[in-house]
Number of protein chains: 2
Amino acid sequence: MNPKAVRPDPLPGRVPGPGERSWNFGPGPAYLPDEVVREAQEALWRFGETGMGVAEISHRDPLFLELVEGLEARVRRLLALPASHAVLFMAGGARPHFSLVPLNLSKPRRGRTAYALTGYWSRLARSDAAVLVQTEVAAEILEGDPVAIPDPARWNLREPVDYLYYTDNESIDGVEFGSPPVVGGLPLVADMTANLFSRPIPDPDVFDLIFAGAQKNLGITGLAIVMVRKEALAGSLEGWPRYLQYRDWIACRSMVNTPPTFNLYMADLMARWMEKEGGLAVLAARNRKKADLLYAAIDQSGGFYRNRVAPACRSRMNVPFRLADERRTPQFLEAARGAGLVQIAGHHSVGGCRASIYNAMPEAGVRQLCEFMREYQRTAG
Amino acid sequence: MNPKAVRPDPLPGRVPGPGERSWNFGPGPAYLPDEVVREAQEALWRFGETGMGVAEISHRDPLFLELVEGLEARVRRLLALPASHAVLFMAGGARPHFSLVPLNLSKPRRGRTAYALTGYWSRLARSDAAVLVQTEVAAEILEGDPVAIPDPARWNLREPVDYLYYTDNESIDGVEFGSPPVVGGLPLVADMTANLFSRPIPDPDVFDLIFAGAQKNLGITGLAIVMVRKEALAGSLEGWPRYLQYRDWIACRSMVNTPPTFNLYMADLMARWMEKEGGLAVLAARNRKKADLLYAAIDQSGGFYRNRVAPACRSRMNVPFRLADERRTPQFLEAARGAGLVQIAGHHSVGGCRASIYNAMPEAGVRQLCEFMREYQRTAG
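Residues numbered from 1 in each chain as written. Chains lettered and ligands numbered in written order. Predicted model: local features only at pLDDT ≥ 70, side-chain atom pairs only at ≥ 80, totals over all residues.

## Some details on the overall build of chain A
This is how the line gets drawn: Helix and strand definitions here come from DSSP, where helices need a minimum of 4 consecutive H or I residues and strands a minimum of 2 consecutive E residues; each element is numbered from the N-terminal end. Here the globule rule reads 2.2 Å times residues to the power 0.38, and the radius of gyration is calculated from C-alpha atoms. Backbone-placed C-beta atoms define the burial measure: a residue is buried with 20 or more other C-beta atoms within 10 Å of its own, exposed with 12 or fewer, and partly exposed in between. Here, residue contact means that the backbone-derived C-beta atoms of the two residues sit within 7 Å.
Summing up its helical and strand segments, chain A has nine helices and 14 strands in all. For a compact globule of 381 residues, the expected C-alpha radius of gyration is about 21 Å, and chain A comes in at 21 Å, within 12% of that figure. On the principal axes, the C-alpha backbone points of chain A span a range of 65 × 60 × 30 Å. Taken across its 381 residues, chain A has 53% of its residues classed as buried. Contacts spanning at least 24 positions in sequence make up 68% of the contacts within chain A whose residues lie at least 6 apart.

## Notes on the relation of the copies chain A and chain B
How we decide: Only residues with pLDDT of at least 70 in both copies count here: their C-alpha atoms drive the least-squares fit that superposes the copies.
For the pair chain A and chain B, the superposition axis carries a translation of 0.0 Å, the fit reaches an RMSD of 0.0 Å, and the rotation angle comes to 180 degrees. The two molecules are tied by a two-fold rotation axis, judged by turn and shift. When each C-alpha of chain A is compared by its distance to the rotation axis, A:Gln41 comes out closest, at 2.4 Å. By residue overlap, the copies meet face to face through one surface: 100% of the interface positions of chain A are interface positions in chain B.

## Here's the deal with helix H9 (residues 363-380) of chain B
All names here are of chain B. Put simply, the rule reads: An expected span of 1.5 Å times one less than the residue number is assigned to each helix. Directions are taken from the helix axis to each C-beta atom, and the arc is the one they span.
Across its 18 residues, H9 extends 25 Å between first and last C-alpha, which sits within 8% of the 26 Å expected from 1.5 Å per residue. Turning to H9, its buried residues are Gly365, Val366, Gln368, Leu369, Phe372, Met373 and Tyr376. The buried residues of H9 occupy an angular sector of 155 degrees when the element is viewed end-on, so they sit on one face. Those residues of H9 that are exposed and aimed more than 90 degrees away from the buried face are Ala364 and Arg378. Contacts from the buried residues of H9 go to strand E1 (23-24), helix H7 (280-299), strand E11 (305-306), helix H8 (329-338), strand E13 (341-342) and strand E14 (353-356).

## A closer look at the sheet that holds strand E11 (residues 305-306) of chain A
All names here are of chain A. Condition: Two strands qualify as a pair provided DSSP detects at least 2 bridges between them.
The strand order across the open sheet built from three strands is E11-E12-E14, with neighbouring strands paired in antiparallel fashion. In the strand order of this sheet, the two ends are held by E11 and strand E14 (353-356), each with one partner. Bridge count for E11 against strand E12 (residues 318-323) is two bridges, and the pairing is antiparallel. Looking at the pairing, Arg306 lines up with Arg322 of E12.

## Quick word on the sheet that holds E11(B)
If you walk across this open sheet you meet the three strands as E11-E12-E14 (chain B), and the pairing is antiparallel. The open sheet terminates on both sides in strands that have one partner only, identified here as E11 and E14 of chain B.

## Looking at the domain arrangement of chain A
Residues and elements named next belong to chain A. Worth spelling out the cut-off: Here the limits of each domain have been adopted from an automatic or database domain assignment. Polar here means any residue outside two lists: the nonpolar Ala, Val, Leu, Ile, Met, Phe, Trp, Tyr, Cys and Pro, and the charged Asp, Glu, Lys and Arg; Gly therefore counts as polar.
The domains assigned to chain A are domain 1 (62-276) and domain 2 (278-380). Each of domain 1 and domain 2 has a C-alpha centre, and the two are 27 Å apart. Taken together, the contact between domain 1 and domain 2 spans 25 residues of the former and 24 residues of the latter. The set of elements that each furnish at least two residues to the side of domain 1 that touches domain 2 consists of strand E7 (175-176) and helix H6 (261-277). A breakdown of the residues in the side of domain 1 that touches domain 2 according to their chemical character gives 13 nonpolar, seven polar and five charged.

## Notes on the packing of helix H2 (residues 62-79) of chain B against helix H6 (residues 261-277) of chain B
Residue and element names in this part refer to chain B. Note the cut-off: To get an axis, a line is fitted to the C-alpha atoms, and for a helix only the part in contact is used. The angle between two axes follows their N-to-C directions and goes from 0 to 180 degrees. Relative orientations are named as follows: roughly parallel for angles under 35 degrees, roughly antiparallel for angles over 145 degrees, roughly perpendicular for angles from 65 to 115 degrees, and oblique for any other angle. Two helices cross in a left-handed way if the nearer one is turned anticlockwise from the farther one by less than a right angle. They cross in a right-handed way if the turn is clockwise.
Closest axis-to-axis distance for the H2/H6 pair is 9 Å, and the angle between their directions is 40 degrees. Taken as axis vectors, H2 and H6 run oblique relative to one another. As H2 runs across H6, the sense of the crossing is left-handed. Along the contact surface, H2 presents Phe64, Leu67, Val68, Gly70, Leu71, Arg74, Val75 and Leu78, while H6 presents Thr261, Leu264, Tyr265, Ala267, Asp268, Ala271, Arg272, Met274 and Glu275.

## Digging into the interface of chain A and chain B
Chain A puts 57 residues into the contact, and the matching count from chain B is 57 residues. Every element with two or more residues in the side of chain A that touches chain B is listed here: helix H1 (34-45), helix H3 (96-105) and H6 of chain A. If you tally residues by element for the side of chain A that touches chain B, the top one is H1(A), at five residues.

## So, the pairing of strand E4 (residues 134-140) of chain B
Every regular strand shows the same layout, with side chains that alternate between the two sheet faces. All names here are of chain B. Selection rule: For the handedness criterion, the strands are oriented away from the viewer, and a crossover whose path from the first strand over the helix to the second runs clockwise is classed as right-handed.
Direction of pairing for strand E3 (residues 112-117) relative to E4: parallel, over a ladder of six bridges. Each residue of the ladder has a partner; that of Tyr115, found in E4, is Val137. Handedness of the E3-helix H4 (residues 120-129)-E4 crossover: right-handed.

## Overview of the confidence of the model for chain A
Segments scoring low in pLDDT should not have their predicted coordinates read at a detailed level. All names here are of chain A. Heads up, the condition is: Per-residue confidence from the prediction method is given by pLDDT, with values spanning 0 to 100.
The predicted model of chain A averages 93 in pLDDT, with 95% of residues at 70 or higher. Low pLDDT, under 50, characterises residues 1-15; the stretch is placed with 32 contacts to residues that sit more than four places away or in other chains. Among the prediction metrics, the complex's ipTM stands at 0.95, with pTM recorded as 0.95.

## Points about the environment of B:Gly48
On the secondary structure map, B:Gly48 appears in the loop between helix H1 (34-45) and H2. Taking the C-beta count within 10 Å as the criterion, B:Gly48 has 12 such neighbours and is therefore assigned exposed.

## Some remarks on helix H3 (residues 96-105) of chain B
A large share of H3(B) lies buried, amounting to 10 of its 10 residues. Those residues of H3(B) not exposed but buried are B:Pro96, B:His97, B:Phe98, B:Ser99, B:Leu100, B:Val101, B:Pro102, B:Leu103, B:Asn104 and B:Leu105.

## Some details on the pairing of E14(B)
All names here are of chain B. Because side chains alternate across E14, one face comprises the buried residues Cys353 and Ala355, and the other comprises Arg354 and Ser356, equally buried. Where strand E12 (residues 318-323) lies against E14, four bridges are found, and the strand directions are antiparallel. Note on E14: the bridge partner recorded for Phe321 is Cys353.

## Quick notes on the environment of A:Gly184
By the secondary structure assignment, A:Gly184 is in the loop between E7 and strand E8 (188-191). C-alpha separation for the pair A:Gly184 and A:Gly222, spaced 38 residues apart in sequence, amounts to 36 Å.

## Re unusual backbone geometry
A cis geometry characterises the amide bond from A:Gly28 onward to A:Pro29, with omega recorded as 5 degrees. With respect to the helices and strands, the residue A:Pro29 is situated in the loop between strand E1 (23-24) and H1. A cis amide bond links B:Asp145 with the next residue in sequence, B:Pro146, at an omega value of 10 degrees. Tracing the chain through its elements places B:Pro146 in the loop between E4 and strand E5 (164-167). If you check the backbone angles, A:Phe197 has positive phi at about 75 degrees while not being a glycine. Among the structural elements, A:Phe197 can be located in the loop between E8 and strand E9 (207-213).

## Remarks on the packing of H3(B) against H4(B)
All names here are of chain B. Packing of H3 against H4 leaves a shortest axis separation of 8 Å and a crossing angle of 50 degrees. Put simply, H3 runs oblique to H4. The handedness of the crossing between H3 and H4 comes out as right-handed. Judged by residue contacts, Phe98, Ser99 and Pro102 of H3 engage Leu124, Ala125, Asp128 and Ala129 from H4. Across the contact of H3 with H4, the residue classes tally to five nonpolar, one polar and one charged.

Here is the structure:
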């Protein structure tokens, strides 16, 4: 394994040469640590002493079962997850869980639930859930300038509900909760797709369920992680396909059918990498610093770049910004690409720019982006 | 890309050295062509001139969208699929489609369907479907010695049904249909997980739906392919999660949510490889020859090895066999591993041995297995 990678020259205008990797600010699929990619390259050809590539070994091989058990143990250690909660690894992304959560935690066709609507993903989650259960609106993002999450103490929670659902980090809107909205003792359900593993969870026990797609801090697309309090699962789901039932997934230890083995392998590499880096407190401090650098570059641009989210709820993972002169955006993105800074376009639903800076993005990459932004402003002025 | 691989010595007892790859007879996850693995290794680090690894590039990047379009075009060419059928790529394995097929092609809670039970997978598919629709038994495997598929002309099809479901290749039982059971003009649904792309499909238009997990002839686990006649899809599925509806997947061109990008990339590499090898007629001839070699080694062992499936419905993909003296099985498997022949254990539900010989397994690998089997018999005698 060769953890060293050739980096593009920091000066704007230099296209990375053959074999060089750019600084990748993609929202997911996202940047992977170079050393993780190097290890995966080797394992793809041959996994340990098995004589097989890691994508070619049986999911029932003792070595692979050991890998999945090790992955679960690492996740539990990293998050300090209590034994009351099962850890599931399921094929596919986070979206299926917009439906599986109400199906498994409430009463299909009759249950009552509450949703905090703080951006694109929570609205979509509520819309998917509304097909299955009743969904009260607990809160809505304040759409002023700045945009802000309303104080949870004043959320609307009149109804008895089975859970309060929120999106811990809205990756498109760039809005993140500073801490979980613990309200009236209600069990929480959180979509942590875009910020799981980016910081410790203060008290995992307040959650009935946390889920996340893996393609941000836990590897690549095609895998989701679900952590669920076993006793929170609703009873019988007669008449529903068994593969939609978390209960069955727990019973089969995430092997209801052949799992996405390479995606699990990548998750394990990322979990090992997070432990090696020092765990979530260390990563959280780095992530705080990286986000501070980038928001400072935006705020100190005299309005050339703008982010309209209130500082207290700005995402540390996904930093959306716009150029005051929006006509410049395509040229800005093209120049960034030329400087070896890629995947900075905003989500197709909103446009603009967005830099996603998950665990794998080192401070050096963020500094280079900040320098490029200042340089671009200077030459464009 | 370096397509050359160091092969283990053919003599029994030689463990593959560092960096060598064994002959892998795994049922899925399964063997991949060395040249495909080599190309994937490179792309994992950097995909073309993007400066990003293939697992790190956005699924909405024009280059990636082009890859998925190219994959669909290749699949259509390889199978001569008519325009009436949509091609979907969905995260997860084949099992979810045991539920999605009745949900989307029949009337949930009321529909009538027919199932041919020829082994483990068709029985499981019927059991999953029975939660959702009525499932008549069209036929059952004849459990004599030899085991045989009953003549479709005499299948039990009294009821009007929405489709006739069968499993084209039973990977655990080693039973395969020689040709599709076209009966009374009924629309067919086929699980082709273990033999899709191993031979041409004579007339794809007799199928309302074909599905398959990718991990046999189309790459790695975590992806399924579904080919469905658009006009066969049932109407409204109100009250059901949208991500369970093939209609939505067609509308979103398989991007209802972030797709498993690396798994799609591997499928594309495999589709390119199949085209490069000459297409399905060429591969079918090779597969026929490989299977003939292996069944001959079994049949000519004087009962030392046994396969009890009738020759006309023996699988060309999965060759299960047992040693007459079953107590020898662990030792046989261990000796095979020592000779660089791996993943030959039978499915955990039945034990014994099974050699899976998909497209990627060259004739040389099968010859080496046959030679080993003869050598083992000689020395064990």
